[in-house]
Amino acid sequence: MAFYSAGLAFRQAIEAESPLQVVGTINANHALLAKRAGYKAIYLSGGGVSAGSLGLPDLGISTLDDVLTDIRRITDVCDLPLLVDADIGFGSSAFNVARTVRSIIKAGAAGIHIEDQVGAKRCGHRPNKEIVSKGEMVDRIKAAVDARTDADFVIMARTDALAVEGLDAALDRAAAYIEAGADMLFPEAITELHMYKEFASRIQVPILANITEFGATPLFTIEELRSVDVAIALYPLSAFRAMNKAAEQVYTALRHDGTQKNVIDMMQTRNELYESINYYAFERKLDALFSQKNSRGDIHEYTE
């Protein structure tokens, strides 16, 4: 059997689509919906794991095991390459970073981004972020690269330096991270379009633009991002935010109206859900099994 590399699939998707649109999928169901919509790669946000799976803020509280659980659930049912938010590597040492990389590869992801914030990290679009020294982040990158069991697995360096040290320092850090072996760059909380062009001109690797809502970065269009050589456009929590708002409205309507009649048009139908999770194919297999049992006269095992 030929070896399948999710990392290679992600790299090929970047070559095929410019910029590659990558959407956040909070769970396995959303991964299937993203695939049906035509996306070629998907994303698991650390903030999404914290808020969606744990009901906690994204402040370095979630663990590697929390993330691995969500990765496995997604990769078990969806073959799109999955980029994963690995925060600072889930630990303070190179050994932690190495374990994180090996575990995430084993879980079926295509790549990670690892950042230069301190252990008590914050959302990249919140104030008062603190970052480690350039040397410490270089060590994180080297540990991640050395730990790869698949050479095509993507190690992406995220830098939060723009908000802390300014553009020139962020550019210097980016160059050092790529020299240390990072394959791609994620400059966080970019405030002006031309800044992406400066990163792309300084370092010749794919640049990711995090087009998250309600943050420091304007909602640049695909055409605008293409004009400044952005390779990946990331929408980490767009569907999650919409899902949360819809759920809040449904809960409120049910409580207030005593019926879901006024919000039924907001809902995915039973048939739409069954189609997206391939329910009918599973049901046909179950029907075939029952039919075989019937022909042998032992259907009573399933009907008692």
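See the structure above.
What comes next concerns the included structure. (Residues numbered from 1 in each chain as written. Predicted model: local features only at pLDDT ≥ 70, side-chain atom pairs only at ≥ 80, totals over all residues. Heavy atoms only, no water.)

### Notes on the overall build of the protein
Link 1 in the chain: Along the backbone of the protein there are 14 helices and eight strands.
Link 2 in the chain: Counting only C-alpha atoms, the protein reaches 75 × 55 × 35 Å along its principal axes.
Link 3 in the chain: Put simply, the protein has 304 residues, and 48% of those count as buried.
Link 4 in the chain: Within the protein, counting contacts between residues at least 6 apart in sequence, those at least 24 apart form 68% of the total.
Link 5 in the chain: Total accessible area on the protein stands at roughly 15,500 Å², and carbon and sulfur atoms take up 51% of it.
Link 6 in the chain: Of the side chains in the protein, 31 bear a positive and 41 a negative charge, and the two mean positions are spaced by 3 Å. (Helix = DSSP H or I, 4+ residues; strand = E, 2+ residues; numbered from the N terminus. Buried < 20%, exposed > 50% of the residue type's maximum accessible area, 1.4 Å probe, protein only. Contact = heavy atoms within 4.5 Å. Areas by Shrake-Rupley, 256 points an atom, 1.4 Å probe, with all protein chains shown as cover. Lys, Arg positive; Asp, Glu negative; His and termini not counted. Charge placed at Lys NZ, Arg CZ, Asp CG, Glu CD.)

### Concerning the pattern of salt bridges
Link 1 in the chain: According to the stated counting rule, one finds 18 salt bridges in the structure shown.
Link 2 in the chain: Lysine 35 serves as the salt-bridge partner of aspartate 79, at 2.7 Å between the closest nitrogen and oxygen. In this pair, aspartate 79 sits in the loop between α4 (64-77) and β3 (82-85) while lysine 35 sits in helix α2 (residues 28-36), placing the two residues 44 residues apart along the sequence.
Link 3 in the chain: Residue lysine 35 is classed as partly exposed on the basis of its relative accessible area of 40%. (Salt bridge = Lys/Arg side-chain N within 4 Å of Asp/Glu carboxyl O.)

### Looking at unusual backbone geometry
Link 1 in the chain: Cis geometry is found at the peptide bond from serine 18 to proline 19, where omega equals -10°.
Link 2 in the chain: Following the sequence through the fold, proline 19 ends up in the loop between α1 (6-16) and β1 (20-24).
Link 3 in the chain: Of note, the phi angle at phenylalanine 214 is positive, near 65°, even though the residue is not glycine.
Link 4 in the chain: Inspection of the secondary structure puts phenylalanine 214 in the loop between β7 (208-210) and α10 (222-227).

### A word on the sheet that holds β1
Link 1 in the chain: If you walk across this open sheet you meet the eight strands as β6-β5-β4-β3-β2-β1-β8-β7, and the pairing is parallel. What marks the edges here is a single partner per strand, and that holds for β6 (184-187) and β7. Geometrically, the sheet is characterised by an average inter-axis angle of 25° between neighbouring strands, direction not taken into account.
Link 2 in the chain: Direction of pairing for β7 relative to strand β8 (residues 232-235): parallel, over a ladder of three bridges. Paired with asparagine 210 across the two strands is leucine 234, which belongs to β8. (Pairing = 2+ DSSP bridges. Axes fitted to C-alpha atoms, helices over the stretch in contact; angles between N-to-C directions.)

### Some thoughts on the side chain of threonine 217
Link 1 in the chain: Considering the arrangement of structural elements, one finds threonine 217 in the loop between β7 and α10.
Link 2 in the chain: One polar contact links the side chain of threonine 217 to the main-chain carbonyl oxygen of isoleucine 190, over a distance of 2.7 Å.
Link 3 in the chain: When near neighbours in sequence (up to four residues on either side) are disregarded, threonine 217 contacts His125, Ala189, Ile190, Tyr196, Asn210, Ile211 and Thr212. (Polar contact = N/O pair within 3.5 Å; in protein donor to acceptor, adjacent residues only side chain to side chain.)

### Regarding a nonpolar patch on the surface
Link 1 in the chain: Together, Leu54, Leu56, Leu59 and Ile61 make up an exposed nonpolar region whose accessible area comes to about 310 Å².
Link 2 in the chain: Looking at the secondary structure, you find leucine 59 in the loop between α3 (46-54) and α4.
Link 3 in the chain: Residue class for leucine 59 comes out partly exposed when judged on its relative accessible area of 45%. (Patch = residues over 30% accessible without salt bridge, like charges linked within 9 Å, V, L, I, M, F, W, Y side chains within 5 Å.)

### A few points about the packing of α4 against helix α5 (residues 94-106)
Link 1 in the chain: Contact pair α4 / α5: the axes reach a minimum separation of 10 Å and the direction vectors enclose 15°. When the interaxial angle is binned, α4 and α5 end up roughly parallel. Our pair here, α4 against α5, has a crossing hand that is right-handed. Across from Leu64, Leu68 and Ile71 in α4, the residues of α5 making contact are Arg99, Thr100, Ser103 and Ile104.
Link 2 in the chain: Here the residues of the contact of α4 with α5 sort into four nonpolar, two polar and one charged. (Parallel < 35°, antiparallel > 145°, perpendicular 65-115°, else oblique. Left-handed = near helix turned anticlockwise from the far one by under 90°. Nonpolar A, V, L, I, M, F, W, Y, C, P; charged D, E, K, R; others polar.)

So yeah, pure geometry; function would need other evidence.
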